[in-house]
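As a plain string of letters, each chain reads:
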Amino acid sequence: MKKVMRLFMAVAVLVGLSACNSNDDLGSQTIEIPGVTIDGDVDCCSAEEALQVYNFLQTVKIIPELSTVVDGQYNVFAYSKTGSFHTGYNEIFFVATKKKNGNYIKNYDIDGLKPLMLMVKMNMKHSTPVGGKAESFDNAYLAVKRTWVSFVMNTSEAGSWTLGYNANILGSKGGIEEADITVGELPEGQAWLKSFKVENDTYYLSLVNPTDWQTGKNIITAHVSKKNTPATTPYGLAEEQFAIEIDPRMPDMGNHTSPDNVALTRQADGSYQGTVNLTMTGRWRVHLAVKDAKGNVVAGGDDLADGFSSLYWEVTI
């Protein structure tokens, strides 16, 4: 009896909540918070899961130009932390719902992320580093899929961006072929994407979510992507294995460093992780030395007159 009452209360909370206001940008329809288990919709979440998804969506903002309808039956909504994009690493979250009842769908696929920049003066296009297929990132949010894109430069008179993706919602295929998007500049004191070359190959180092860092020890995560040929093909994760040594310094405080930093090494999921220790707030330059599988420095290292690497991320906390 207690279990039934808990489920009833959870469903009542869901039904009582208003529509997710971030979804209102896609037409004039209203997307209600789904009760799911009430109507036996086997494609959707439980009431508790739906409430968790609803709460998560209050922490992000919709990207209207990347939201669409598939086969007249399903909505696909795209979100980022700010509802916009900036140079460097950006997470993109997706949610799919049924148009007839607004219920969240757990089993769907988002892949084929396709960012393209048109360089106006050169009349040529290039892509940028991307994550793979969007995946559920937490057992509490099975209906939320996440991937990422790391923009190599911002929108300007010199060039403009488009972004597309493929969607497969319960066997119905759709998505967005090419939507115009704007990529802004990061604030001064933030630089999260750097490139290096090894012989004829170009690689990109994308720093993940440094705005989450605090004083003290932080897990530092990055992706190493390899530029494709042709350059219009999205840049996937590099197959080559590297190690990335870090040397954090505060340029406004005499370039003092901090102890107990740990180099980034490749993880099972293809990302790179290490530890950075930031002893105070302010602007930090995380100087980098990239080593190949044999331990040879292939980029960065002590290559400036002051002894610091010219290859660095910049983060202000």
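Source: prediction; values computed, not measured.

## Description of the environment of N209
Along the chain, N209 turns up in the loop between strand 14 (201-207) and strand 15 (216-226). Residues N209 and A222, spaced 13 residues apart in sequence, show a C-alpha to C-alpha distance of 9.0 Å. Among residues more than four places away in sequence, those in contact with N209 are K81, Y89 and E91.

## Topic: the sheet that holds strand 10 (residues 159-169)
Backbone-to-backbone hydrogen bonds join strands into a sheet, with any given pair of strands oriented parallel or antiparallel. The four strands are arranged 7-6-10-11 in an open sheet whose pairing can be described as antiparallel. Both outer strands of the open sheet, strand 7 (124-126) and strand 11 (172-181), are each paired with one neighbouring strand and no more. Averaged over all pairs of adjacent strands, the angle between strand axes in this sheet comes to 20°, irrespective of strand direction. With ten bridges connecting them, strand 6 (residues 108-119) and strand 10 associate as antiparallel partners. Bridge pairing links M119 to G159 in strand 10.

## Notes on the pairing of strand 6
The pairing of strand 6 with strand 7 spans three bridges and is classified as antiparallel. What sits directly across from M117, in strand 7, is H126. Taking the residues between adjacent antiparallel strands as the criterion, strand 6 and strand 7 are bridged by four residues, where N123 takes a positive phi near 50°.

## Some remarks on the side chain of S309
Here S309 is to be found in the loop between strand 20 (297-300) and strand 21 (312-316). One polar contact links the side chain of S309 to the main-chain carbonyl oxygen of L288, over a distance of 2.8 Å. Polar contacts involving the side chain of S309 include one to the main-chain amide nitrogen of L311, which spans 3.0 Å. When residues no more than four places from it in sequence are discounted, the contact partners of S309 are H287, L288, G300, G301, D303 and L304.

## As for the environment of E65
Residue placement: E65 occurs in the loop between strand 1 (61-62) and strand 2 (68-70). Distance in space between the C-alpha atoms of E65 and I181 is 7.3 Å, their sequence separation being 116 residues. Sequence-distant contacts of E65, defined by excluding residues within four places in its chain, comprise I176, A179, D180 and I181.

## Observations regarding unusual backbone geometry
In terms of backbone geometry, most residues other than glycine have negative phi values and most peptide bonds are trans. In this structure, P230 follows T229 across a cis peptide bond, with omega equal to 0°. For N123, which is not a glycine, the phi torsion comes out positive at approximately 50°. Turning to its location among the elements, N123 is positioned in the loop between strand 6 and strand 7. Residue N123 is classed as exposed on the basis of its relative accessible area, which comes to 65%. In this model, N255 sits at a positive phi of 60°, which is unusual for a non-glycine residue. Structurally, N255 is set in the loop between strand 16 (243-249) and strand 17 (262-266).

## Some words on the nonpolar core
Ranked by internal contacts, the top residues of the largest apolar core, which has 29 residues, are L66, F85, F94, Y165 and I169. If you list the elements that add at least two residues to this core, you get strand 3 (74-80), strand 5 (88-98), strand 6, strand 9 (144-151), strand 10 and strand 11. In this structure, F94 is in contact with V76, F77, A78, Y108, I110, A134, A143, V144, K145, T147 and Y165, ignoring residues within four places of it in sequence. Grouped together as the second largest cluster of nonpolar side chains are 27 residues, L207, L278, W284 and L311 included.

## Some thoughts on the pairing of strand 20
Where strand 19 (residues 283-291) and strand 20 come together, three bridges link them in antiparallel fashion. Residue pairing in the sheet places V290 in a bridge with A299 of strand 20. The hairpin turn running from strand 19 into strand 20, its antiparallel successor, is five residues long, and G295 in that turn takes a positive phi close to 90°.

## Things to note about the confidence of the model for the protein
Scored by pLDDT, the protein has a mean of 89; 87% of the residues are at 70 or more. Counting interchain partners and residues more than four positions distant, the pLDDT-below-50 stretch residues 1-31 has 51 contacts. A low-confidence stretch, residues 34-38 (pLDDT under 50), is modelled with 23 contacts involving residues beyond four sequence positions or located in other chains.

## Notes on the pattern of salt bridges
All chains considered together, the criterion is met by 14 salt bridges. Close ionic contact of E91 with R146 constitutes a salt bridge, the shortest N to O distance being 3.4 Å. Pair noted here: E91 is in strand 5 and R146 is in strand 9, with a separation of 55 residues, a long-range link. Assessed through its relative accessible area of 11%, E91 is described here as buried. A relative accessible area of 32% means that R146 is categorised as partly exposed. Across the pair E245 and K291 runs a salt bridge, and its minimum N-O distance is 2.8 Å. Of this pair, E245 sits in strand 16 while K291 sits in strand 19, placing them 46 residues apart in sequence. A network of salt bridges, in which partner residues are shared, links D252, R283, R285 and E314.

Analysis parameters
- Residues numbered from 1 in each chain as written.
- Predicted model: local features only at pLDDT ≥ 70, side-chain atom pairs only at ≥ 80, totals over all residues.
- Heavy atoms only, no water.
- Helix = DSSP H or I, 4+ residues; strand = E, 2+ residues; numbered from the N terminus.
- Contact = heavy atoms within 4.5 Å.
- Pairing = 2+ DSSP bridges.
- Axes fitted to C-alpha atoms, helices over the stretch in contact; angles between N-to-C directions.
- Polar contact = N/O pair within 3.5 Å; in protein donor to acceptor, adjacent residues only side chain to side chain.
- Buried < 20%, exposed > 50% of the residue type's maximum accessible area, 1.4 Å probe, protein only.
- Core = buried A, V, L, I, M, F, W, Y, C linked by side-chain atoms within 4.5 Å.
- pLDDT = per-residue confidence, 0-100.
- Salt bridge = Lys/Arg side-chain N within 4 Å of Asp/Glu carboxyl O.

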